[in-house]
4 protein chains.
Amino acid sequence: MKAGIIGASGYGGLELIRLLHGHSEVESLDLFTSSDEGIIFSHKYAHLMNIHDTPLHRIDLDHLASLDVVFTSTPSGVSSKLLPSLIGKGPRLIDLSGDFRLPEKEYEQWYKKEAAPVDALKQSVYGLTEWNRAQIKEAALVANPGCYPTAVLLSLLPAVKNKLIDASSLIIDAKSGVSGAGNKPSQLTHFSETNENLSIYKVNQHQHIPEIEQGLEFFSIKQQPITFSTHLVPMTRGILSAAYAPLSEGVTEKQLIECYKETYQDEPFVRFSSHGDKLGTNQVYGSNYCDIQLHLDPRTNRVTIVSVIDNLVKGAAGQAIQNMNLQFGFNEKTGLDVVPLFI
Amino acid sequence: MKAGIIGASGYGGLELIRLLHGHSEVESLDLFTSSDEGIIFSHKYAHLMNIHDTPLHRIDLDHLASLDVVFTSTPSGVSSKLLPSLIGKGPRLIDLSGDFRLPEKEYEQWYKKEAAPVDALKQSVYGLTEWNRAQIKEAALVANPGCYPTAVLLSLLPAVKNKLIDASSLIIDAKSGVSGAGNKPSQLTHFSETNENLSIYKVNQHQHIPEIEQGLEFFSIKQQPITFSTHLVPMTRGILSAAYAPLSEGVTEKQLIECYKETYQDEPFVRFSSHGDKLGTNQVYGSNYCDIQLHLDPRTNRVTIVSVIDNLVKGAAGQAIQNMNLQFGFNEKTGLDVVPLFI
Amino acid sequence: MKAGIIGASGYGGLELIRLLHGHSEVESLDLFTSSDEGIIFSHKYAHLMNIHDTPLHRIDLDHLASLDVVFTSTPSGVSSKLLPSLIGKGPRLIDLSGDFRLPEKEYEQWYKKEAAPVDALKQSVYGLTEWNRAQIKEAALVANPGCYPTAVLLSLLPAVKNKLIDASSLIIDAKSGVSGAGNKPSQLTHFSETNENLSIYKVNQHQHIPEIEQGLEFFSIKQQPITFSTHLVPMTRGILSAAYAPLSEGVTEKQLIECYKETYQDEPFVRFSSHGDKLGTNQVYGSNYCDIQLHLDPRTNRVTIVSVIDNLVKGAAGQAIQNMNLQFGFNEKTGLDVVPLFI
Amino acid sequence: MKAGIIGASGYGGLELIRLLHGHSEVESLDLFTSSDEGIIFSHKYAHLMNIHDTPLHRIDLDHLASLDVVFTSTPSGVSSKLLPSLIGKGPRLIDLSGDFRLPEKEYEQWYKKEAAPVDALKQSVYGLTEWNRAQIKEAALVANPGCYPTAVLLSLLPAVKNKLIDASSLIIDAKSGVSGAGNKPSQLTHFSETNENLSIYKVNQHQHIPEIEQGLEFFSIKQQPITFSTHLVPMTRGILSAAYAPLSEGVTEKQLIECYKETYQDEPFVRFSSHGDKLGTNQVYGSNYCDIQLHLDPRTNRVTIVSVIDNLVKGAAGQAIQNMNLQFGFNEKTGLDVVPLFI
């Protein structure tokens with residue numbers, strides 16, 4: 001099959017290139033750019049020497065329409081304009097930005113940008129693979145989930161959907177490596193001010209809040225507003241989410257554990273661990289795994305639900321490829337069956 | 001005055017050496033060791049070349065009794081045996097370990113070690129400077145607070161004491177740099193497994209949980225059990241604590257802010273900031289400051305209370321020196337009036 | 001084919017597991033241990049959950065003899081005792097330690113340990129793939145090169161062999177990430193003392209010095225002693241070597257560049273770049289590539305020859321698999337054709 | 001005395017603020033800006049809360065002329081225009097940029113910018129404190145040395161000046177933390193591309209090359225061109241320089257060591273260590289020390305001369321204050337007598 005990426009320079013795009021290189025069903029991969037047409041990609045990114053030495057293509061609808069799948073890994077506000085004209089023109093579309101994840105009003109409120117056309121939004125399907133397979137399979141346009149929502153939803157949905165926890169006042173404290181902020185230099189991501197510094201940012205303002213709330217509602221029940229905090233950790237990759245909620249009346253820890261085991265027992269990329277007192281982002285580094293742990297505190301009857309992902313893989317490019325595999329009928333592990341780097 | 005440190009090789013000890021070097025009232029500083037007697041300290045720690053080139057002393061009660069102040073920066077279970085015989089023998093005692101912070105039963109439950117003698121425990125005073133000045137001034141033995149409890153208590157006490165938040169189900173999500181784990185190598189602190197890795201550890205099991213609960217009770221009201229998580233962040237110094245609670249009925253954000261401003265307006269080392277959407281550990285790096293921010297979310301009426309400290313300074317050696325200053329009638333800023341490193 | 005690893009817990013071993021997982025010709029992989037027999041490997045290393053959930057095997061010669069290839073990734077002084085009895089018993093042996101790289105006398109001088117039996121040493125072949133293919137193909141026992149020597153020799157051999165530089169007083173300044181020090185915790189690799197710290201260590205004493213000198217001699221000419229420095233860089237993976245030498249009389253920069261291009265033009269894993277003013281270890285991160293650059297300074301007529309590798313891949317497990325591929329007649333890229341992580 | 005800083009936002013400027021805060025002779029410190037007039041500095045840099053809460057001043061010559069000392073910590077090309085009109089107008093001028101370090105022609109060749117007026121250049125004095133005290137004391141304008149040249153010159157001058165090494169083909173391999181690149185975000189200093197990455201850059205092109213060569217000549221003898229490499233290390237602070245040269249004929253290691261000991265025995269900030277096999281940047285972190293080691297290799301008769309500094313202190317703000325102390329007759333340690341952070 002023939003694949004294309006718009007926004008290859010973004011970290012989601014670079015990660016798509018890395019993972020698709022090992023995908024046995026992808027025979028060609030074209031890279032598109034709005035600004036760097038003709039540039040040899042490996043001159044810009046030396047790690048791609050001898051791997052991608054061909055020039056970047058300009059964004060051309062006919063060219064794009066000739067492909068089987070097109071990924072967009074662009075800043076918010078770009079694919080909302082690019083993709084509508086490609087819907088139904090041939091390629092399956094998988095958008096890694098936030099442009100097709102929220103309804104018009106919520107998008108404009110949280111992203112402070114013009115939303116995608118309503119028609120296009122209606123055709124987009126939320127790409128949380130493990131929870132939305134039927135719809136993703138048929139979708140013309142997949143809105144690939146955000147990195148934080150992926151870690152949070154995979155870890156909370158079993159408990160919330162089965163009403164095993166009281167989700168009326170969910171507290172979610174999430175932490176991310178710096179690559180989540182993208183490839184554009186800024187003071188926030190300037191090495192000397194980011195290294196040896198842990199910071200909390202966008203408290204109660206993060207644009208992933210409505211995406212998480214919508215996801216909890218979509219796959220379970222009407223959701224009360226959540227409290228969601230995000231931190232910037234001095235490392236490149238990785239997200240760790242810790243969520244806090246009381247166990248529902250009469251529910252036991254055993255029931256909770258069983259629920260997670262059953263929900264994810266056949267999933268290739270969600271690993272639930274019922275033991276261990278430590279969970280780290282390095283156990284999923286470079287891989288498509290989401291690892292989940294539960295900790296019930298008998299002193300408070302509250303449960304701490306923790307998950308880790310690699311924000312660039314399960315939180316972006318990996319999940320996008322998993323969705324592609326699903327859409328094209330490949331084994332979902334194709335191209336993604338890698339061992340985490342750990343060190 | 002004459003000062004001494006038992007446990008100089010520990011990171012708390014090294015930081016005491018660093019800060020006492022700039023203390024105008026300290027004329028001599030003797031270092032004591034149980035294992036390295038006679039060793040030139042700067043041969044072990046090259047950064048002290050030309051600064052501490054004298055041999056380490058063996059632990060000798062007469063020598064210790066001749067000093068004005070003795071700091072113990074030892075692993076748990078050491079000062080509980082060493083200090084009782086020094087109480088009332090001359091020097092003020094300031095213990096940086098956890099040995100004198102908890103009642104006998106709680107200590108043995110959470111530390112899994114034998115507690116200090118009850119007599120000695122009774123004479124120890126909890127050294128949270130800003131909240132316990134009267135007692136600290138007179139104390140023969142100060143139990144210097146733990147790093148996490150310092151960050152948590154300073155940030156929560158104004159709201160809890162004044163009943164501005166509902167403290168019945170406090171969620172506290174704290175994160176620490178690796179120096180908090182001390183100077184003893186282990187797999188947990190091995191560079192290759194700690195770098196580029198954020199991990200959660202000791203969930204619901206951390207020995208600082210009873211210290212925080214006791215602190216909340218001692219300075220405010222009977223406290224319900226808290227939920228407290230700790231994370232290991234790939235950086236050396238710094239703690240960030242994020243605490244979550246509903247505003248109490250009828251309380252406004254303005255009231256909450258005013259309460260913090262009033263509580264800390266004359267404090268030299270607590271900086272409350274009522275604006276800004278970012279708080280990072282680098283703004284207190286190497287200093288004795290504790291910086292605090294509040295964020296009320298009108299969607300949930302829950303408040304996020306965030307604080308940052310340098311775990312080795314305000315969370316250990318700095319607060320110990322602040323307590324010494326208080327005890328000896330010096331300006332509390334003496335030796336501690338330094339600008340954070342930031343970069 | 002059936003593969004086995006002795007010393008799976010070492011970082012070389014973990015990296016072999018990671019890379020062999022993606023190797024299409026390896027159908028089984030047994031892990032052997034001297035101390036952890038019966039332990040489920042993924043209980044120790046959570047990143048291997050669902051990947052290696054089987055117990056570790058004890059070291060059993062019959063079991064080992066039944067395999068096609070056995071890798072040893074053990075501390076120095078271990079495989080020298082283990083492997084001699086396996087030579088010629090069936091499996092190809094590839095040793096990632098330093099035990100079979102040096103003659104008896106040099107080994108004992110630099111490693112301060114007893115050398116392997118002379119008979120076994122005689123049968124070992126130095127596994128610098130690109131320079132020793134004929135011998136490696138036939139070898140019963142491959143002494144896989146050290147990480148530093150791999151980076152240094154690949155970058156220097158074309159110039160030295162062709163006498164394009166004056167190699168009589170080679171200065172080599174090399175820098176490594178911390179994973180090169182292995183998985184055993186120590187003060188040197190304790191996060192708090194390694195982070196935010198660049199140090200030089202073992203000046204003129206590093207055990208890779210004789211290996212480099214021997215490699216230069218073996219593949220080119222009688223070599224004068226080199227000056228070789230090693231630094232510990234606060235990062236996990238990566239080696240950068242900078243070597244300095246005068247151009248030989250009458251040689252031009254163009255000749256030098258042509259020599260490197262020709263030498264490596266058909267190599268799958270050595271990428272020579274004749275332009276660019278920056279070379280970083282992240283361009284080979286997680287991959288088997290060795291990237292090389294040359295910089296002639298017309299002011300001095302000296303050339304700076306720089307190379308980068310991932311010490312755990314090209315400097316250890318990757319090169320070992322490349323050697324296995326060569327021995328078994330597979331395409332050398334099998335299992336190793338991955339894109340570097342870069343970010 | 002009254003001090004002022006132009007370019008307070010730069011890392012040199014922030015470090016001046018940090019160190020001058022602890023300087024007993026400085027009674028006022030005014031901060032000047034070309035772009036942020038009126039801004040409360042602590043609103044931009046939260047670590048200065050309660051420390052510098054006053055507005056930034058616009059650059060006003062009368063205001064500047066009323067001060068006792070003015071530091072310029074500005075990008076190259078700025079102070080060359082600002083300072084000439086202030087020379088002789090009252091304040092001592094200490095420039096932390098490169099604008100007054102080189103002769104006109106060399107400056108324009110290496111900096112690719114217009115040089116300062118020749119008249120002004122003539123009045124500037126190179127501020128390598130330990131080697132130029134007489135001139136610095138009287139100077140109207142001090143050209144404070146660059147960070148790399150400070151580390152290199154302090155470590156090489158004793159040997160070069162006394163002809164103990166053959167300086168005809170000096171190889172200097174230097175490595176720096178990222179703060180040396182300043183506070184302006186760029187791809188080179190973007191966390192995700194700098195973290196876990198060691199890179200070599202500007203090979204043979206660094207603008208500190210002529211400054212080092214000039215320094216070697218100025219304080220010793222006519223110098224042959226050097227080979228000088230610079231690396232970017234994933235840490236914030238610190239420079240380590242390793243220099244390589246043959247011992248001169250007939251010179252012994254003992255002579256070399258004696259020379260260094262004698263040269264620096266009375267220096268407060270240069271610490272020569274004749275033993276130890278490890279030297280790291282953390283032993284000078286945050287301090288004004290330059291630590292030096294020598295390693296003679298009897299196999300090659302070449303010596304490796306290593307030094308470490310904190311690039312922002314001894315390599316910038318600290319040395320500037322040391323020069324100010326010298327000019328005003330204060331003890332050179334005033335404001336600089338701090339213990340390195342180490343951890």
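Along each chain, residue indices are assigned from 1 in the same order as the chain's sequence is written. Starting at A for chains and at 1 for ligands, labels are handed out in the order in which the entities are written. Only residues with pLDDT of at least 70 get local features here, since the model is predicted, and only at 80 or more are side-chain atom pairs given and counted; chain-wide, interface and lining totals rely on the full set of residues. Side-chain metrics in this entry use all non-hydrogen atoms of the structure; hydrogen atoms and water are not considered.

1. What to know about the overall build of chain A
Turning to step 1, where the next piece is worked out: When you go through chain A residue by residue, the secondary structure sums to twelve helices and 15 strands.
Turning to step 2, where the next piece is worked out: Judged by the C-alpha coordinates and their principal axes, chain A covers about 65 × 45 × 40 Å.
Turning to step 3, where the next piece is worked out: Counting only residues that meet the buried cut, chain A has 67% of its 343 residues in that class.
Turning to step 4, where the next piece is worked out: Between two residues, a contact is recorded if the distance between any of their heavy atoms is within 4.5 Å. Once local pairs closer than 6 in sequence are excluded, the contacts in chain A between residues at least 24 apart make up 70%.
Turning to step 5, where the next piece is worked out: As presented, chain A carries roughly 11200 Å² of accessible surface, and 47% of it is formed by carbon and sulfur atoms.
Turning to step 6, where the next piece is worked out: His is not counted, nor are the chain ends; Lys and Arg add positive charge and Asp and Glu add negative charge. By convention, the charge on Lys lies at NZ, on Arg at CZ, on Asp at CG and on Glu at CD. Here chain A carries 29 positive and 38 negative side-chain charges, and the mean point of each set is 2 Å from the other. Helix numbering and strand numbering both begin at the N terminus, where a helix is a DSSP run of H or I of at least 4 residues and a strand a DSSP run of E of at least 2. Only protein chains enter the calculation, and the probe is 1.4 Å; a residue is then buried if its accessible area is under 20% of its type maximum, exposed if over 50%, and partly exposed in between. Using a 1.4 Å probe, the Shrake-Rupley method yields the accessible areas, and only the shown protein chains count as cover for residues.

2. Overview of the pattern of salt bridges
Turning to step 1, where the next piece is worked out: Any carboxyl oxygen of Asp or Glu within 4 Å of a side-chain nitrogen of Lys or Arg constitutes a salt bridge here. On inspection of all chains with the given rule, the structure shows 62 salt bridges over all chains.
Turning to step 2, where the next piece is worked out: Here Glu332 of chain A makes a salt bridge to Arg133 of chain A, at a shortest N to O gap of 2.6 Å. One end of the pair, Glu332 of chain A, is in the segment after helix H12 (313–328); the other, Arg133 of chain A, is in helix H7 (residues 133–138), with 199 residues separating them in the sequence.
Turning to step 3, where the next piece is worked out: Across the salt bridge formed by Lys175 of chain B and Asp173 of chain B, the nearest N and O atoms sit 3.0 Å from each other. Here Lys175 of chain B and Asp173 of chain B have matching classes, each one buried.
Turning to step 4, where the next piece is worked out: Within this structure, Glu15, Arg18, Arg237 and Asp310 of chain A form a network of salt bridges that share partners.

3. A short note on the UniProt feature "domain: Semialdehyde dehydrogenase NAD-binding" (unreviewed entry) in chain A
Turning to step 1, where the next piece is worked out: Here, the residues flagged by UniProt with the feature "domain: Semialdehyde dehydrogenase NAD-binding" (unreviewed entry) are residues 2–139 of chain A.
Turning to step 2, where the next piece is worked out: Structurally, residues 2–139 of chain A is divided into 32% helix and 17% strand, and its ends, taken at the C-alpha atoms, are 18 Å apart. UniProt positions are given in the numbering used here, feature names are shortened, and annotations may be inferred rather than shown by experiment.

4. Description of the packing of helix H8 (residues 147–161) of chain B against helix H12 (residues 313–328) of chain B
Residues and elements named next belong to chain B.
Turning to step 1, where the next piece is worked out: Interaxial distance between H8 and H12 falls to 8 Å at its minimum, and their mutual angle equals 95°. As the angle between them shows, H8 and H12 are arranged roughly perpendicular. Across the interface between the two elements, Cys147, Thr150 and Leu154 of H8 pack against Lys314, Gly315 and Gln319 of H12. Axis lines are fitted through C-alpha atoms, for helices just across the contact stretch, and the angle between N-to-C directions can take any value from 0 to 180 degrees. Each angle gets one of four labels, with under 35 degrees taken as roughly parallel, over 145 as roughly antiparallel, 65 to 115 as roughly perpendicular, and the rest as oblique.

5. Digging into the sheet that holds strand S5 (residues 92–95) of chain B
All names here are of chain B.
Turning to step 1, where the next piece is worked out: What makes two strands pair is DSSP finding at least two bridges between them. Strand order in the open sheet formed by seven strands is S3-S2-S1-S4-S5-S7-S6, with parallel pairing between adjacent strands. Each having just a single partner strand, strand S3 (57–58) and strand S6 (124–126) make up the two edges of the open sheet.
Turning to step 2, where the next piece is worked out: The pairing of strand S1 (residues 2–6) with strand S2 (residues 28–33) spans five bridges and is classified as parallel. Each bridged residue has a counterpart across the sheet, and for Ile5 the counterpart in S2 is Leu31.
Turning to step 3, where the next piece is worked out: Strands S1, S2 and strand S4 (69–72) of the sheet are contacted by helix H1 (residues 11–21), whose axis makes an angle of about 160° with S1.

6. What about the relation of the copies chain B and chain A?
Turning to step 1, where the next piece is worked out: Rotating chain B by 180° about the axis while translating it 0.0 Å along that axis superimposes it on chain A, leaving an RMSD of 0.0 Å. This pairing of chains is accounted for by a two-fold axis.
Turning to step 2, where the next piece is worked out: Taken together, the interface assignments show that 100% of the residues at the interface of chain B recur at the interface of chain A, consistent with an identical surface on both copies. Least-squares fitting of one copy onto the other uses the C-alpha atoms of those residues that reach a pLDDT of at least 70 in both copies.

7. Quick notes on the environment of Val313 of chain A
Residues and elements named next belong to chain A.
Turning to step 1, where the next piece is worked out: Among the secondary structure elements, Val313 is positioned in helix H12.
Turning to step 2, where the next piece is worked out: Separated by 129 residues in sequence, Val313 and Lys184 have C-alpha atoms that sit 19 Å apart.
Turning to step 3, where the next piece is worked out: Val313 has contacts with Glu15, Arg18, Leu19, Arg237, Gly286, Ser287, Asn288, Gly318 and Gln319, leaving out every residue within four places of it along the chain.

8. Quick notes on the domain arrangement of chain A
A common way to report how large an interface is uses the accessible area buried once the components associate.
Residue and element names in this part refer to chain A.
Turning to step 1, where the next piece is worked out: Where a domain begins and ends is set by an automatic assignment or by a domain database. Once the domains are mapped, chain A shows domain 1 (2–145 + 314–328) and domain 2 (148–311).
Turning to step 2, where the next piece is worked out: Distance from the C-alpha centre of domain 1 to the C-alpha centre of domain 2: 25 Å.
Turning to step 3, where the next piece is worked out: Contacts between the two partners involve 25 residues from domain 1 and, on the opposite side, 35 residues from domain 2.
Turning to step 4, where the next piece is worked out: For any pair of parts, buried area is found by adding up, for both, the accessible area (1.4 Å probe) each one loses once the two are put together. Buried surface at the junction of domain 1 and domain 2, summed over both partners, amounts to about 2400 Å²; 59% is from carbon and sulfur atoms.

9. A closer look at the pairing of strand S1 (residues 2–6) of chain D
Turning to step 1, where the next piece is worked out: Across the five residues of S1 of chain D, four count as buried, placing the element largely inside the fold.
Turning to step 2, where the next piece is worked out: Where the polypeptide runs from S1 of chain D across helix H1 (residues 11–20) of chain D and back to strand S2 (residues 28–33) of chain D, its parallel neighbour, the crossover connection is right-handed. Here a crossover is taken to be right-handed if, once the strands point away from the viewer, the path from the first strand over the helix to the second is traced clockwise.

10. Some details on the interface of chain B and chain A
Turning to step 1, where the next piece is worked out: In this complex, chain B contributes 51 residues to the contact, which on the side of chain A involves 51 residues.
Turning to step 2, where the next piece is worked out: Overall, the association of chain B and chain A removes approximately 4200 Å² of surface from exposure, summing both partners, and the carbon and sulfur fraction of that is 55%.
Turning to step 3, where the next piece is worked out: Broken down residue by residue, the surface that chain B buries against chain A is led by Glu196, Leu198 and Arg299 of chain B, which jointly contribute 17%.
Turning to step 4, where the next piece is worked out: On inspection of chain B and its partner chain A, the count reaches four salt bridges.
Turning to step 5, where the next piece is worked out: Counted as a polar contact is a pair of N or O atoms within 3.5 Å, where, for protein atoms, one must be capable of donating a hydrogen and the other of accepting one, and residues adjacent in sequence contribute only when both atoms are in side chains. Across the contact surface, chain B and chain A share 30 residue pairs in polar contact (both at pLDDT 80 or more).

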